[in-house]
Amino acid sequence: MAAFPNTNTITKDVLCLNDERVDRLLQRLSRVNWLSSFAEKNDEQVEQAIKEFAHFFGLKHCEIKWIAEEELPSFLEEMKLEYNDVWPQLQQVPEKIKHQAEQAGRLDALLTLADEVPALIFHHCFDKLFAALGRYGSSVVTTAVCYMMYIGGMACAWEIVSDIEGWETNPFLSLIAVLEHGHWPLGLIRNQFYVI
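Residues numbered from 1 in each chain as written. Predicted model: local features only at pLDDT ≥ 70, side-chain atom pairs only at ≥ 80, totals over all residues. Heavy atoms only, no water.

1. Looking at the nonpolar core
Residues Leu133 and Trp184 are the most contacted members of the largest nonpolar core, which totals 66 residues. When residues in this core are grouped by element, the largest group, 12 residues, is from helix α8 (residues 138-160). (Core = buried A, V, L, I, M, F, W, Y, C linked by side-chain atoms within 4.5 Å. Buried < 20%, exposed > 50% of the residue type's maximum accessible area, 1.4 Å probe, protein only. Helix = DSSP H or I, 4+ residues; strand = E, 2+ residues; numbered from the N terminus.)

What follows is the structure, given as C-alpha cells:
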C-alpha cells in the first residue's frame, strides 16, 4: 500500500523534536492492511499487545475475548462506553496531551495533527473496512472507521509529547500493533478485552 500523501508536509512544516517519531508512526499506519486477519483468532502477539495496553491503564488482570465476525453487529449495538473499564481514563488523555503540548510549545503541531491525521486514516482505511464489513451495514463500517481514526490519532498525538518525562511510553502503539496484525481492538468491558 502507498504511504499517506502529504506526510512530509505535516511533519516538516509544523512538528517539533518528535517529528521523526510521528512520521515513522504515520508510515506504519500507511502500511496497515485493515482487518486482514479479523476472521482468525487467538493470535498471541495480539493478545500480548492488548494486555500491554490494559496494563498501562492499571488493568492487570484482563481476559482477552475473541468474538466471531457474525457477533460484531450485536456487540457494537450493545456496547456502551460507561461499561468500558478504560474509558474513564481514556477520555482524559486528549486534554492531558494538549496540556503537555502547550507547556512544551507544541500546541500548533498537535492541532495540525488533530486536523490532518484522522482524515488521512479515513481515506486510507475506508475502502478496506467497507469491503470487510459492508454487509453488516453503514453503522458498523462507520464505527470501525471511527475506531481506526481514534487509535491512530491518539497514537500520533501522544508521540508529540513522548520525549517529556512521564510520557515516554505510548500505550496506543500497542493498539497500532493489533491493527498491524489485521485485527480490531474493540475495548475492555468488565475485565474482558474484546477483539475481532
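2. Looking at helix α3 (residues 44-56)
Look at α3: 18 Å from first C-alpha to last across 13 residues, which is about the 18 Å you get at 1.5 Å a residue. Among all positions of α3, only Val46, Glu47, Ala49, Ile50, Phe53 and Ala54 are buried. For α3, the arc enclosing every buried residue in end-on projection is 160 degrees, short of the 170-degree limit, so these residues lie on one face. For α3, the exposed residues set more than 90 degrees away from the buried face come down to Glu44 and Gln45. Where α3 is buried, its residues meet β1 (63-66), α5 (87-90), α9 (172-180) and β3 (192-195). (Expected span 1.5 Å × (residues − 1). Arc of directions from axis to C-beta. Contact = heavy atoms within 4.5 Å.)

3. Remarks on unusual backbone geometry
At Leu35, a position not held by glycine, the phi torsion is positive, near 55 degrees. Residue placement: Leu35 occurs in the loop between α2 (19-30) and α3. Given a relative accessible area of 5%, Leu35 falls into the buried group.

4. Describing the packing of aromatic side chains
What the rule picks out here adds up to 12 aromatic pairs. Both rings, one in Tyr150 and one in Phe172, keep their centres 6.2 Å apart while their planes meet at 80 degrees; by these two values the pair is edge-to-face. With Tyr150 in helix α8 and Phe172 in helix α9, the pair connects residues that are 22 residues apart, well separated along the chain. Relative accessible area serves as the criterion here: at 29%, Tyr150 is assigned to the partly exposed category. For Phe172, a relative accessible area of 0% puts it in the buried group. (Phe/Tyr/Trp six-rings, centres within 6.5 Å; stacked < 30°, edge-to-face > 60°.)

Geometric values such as these leave the question of function open.
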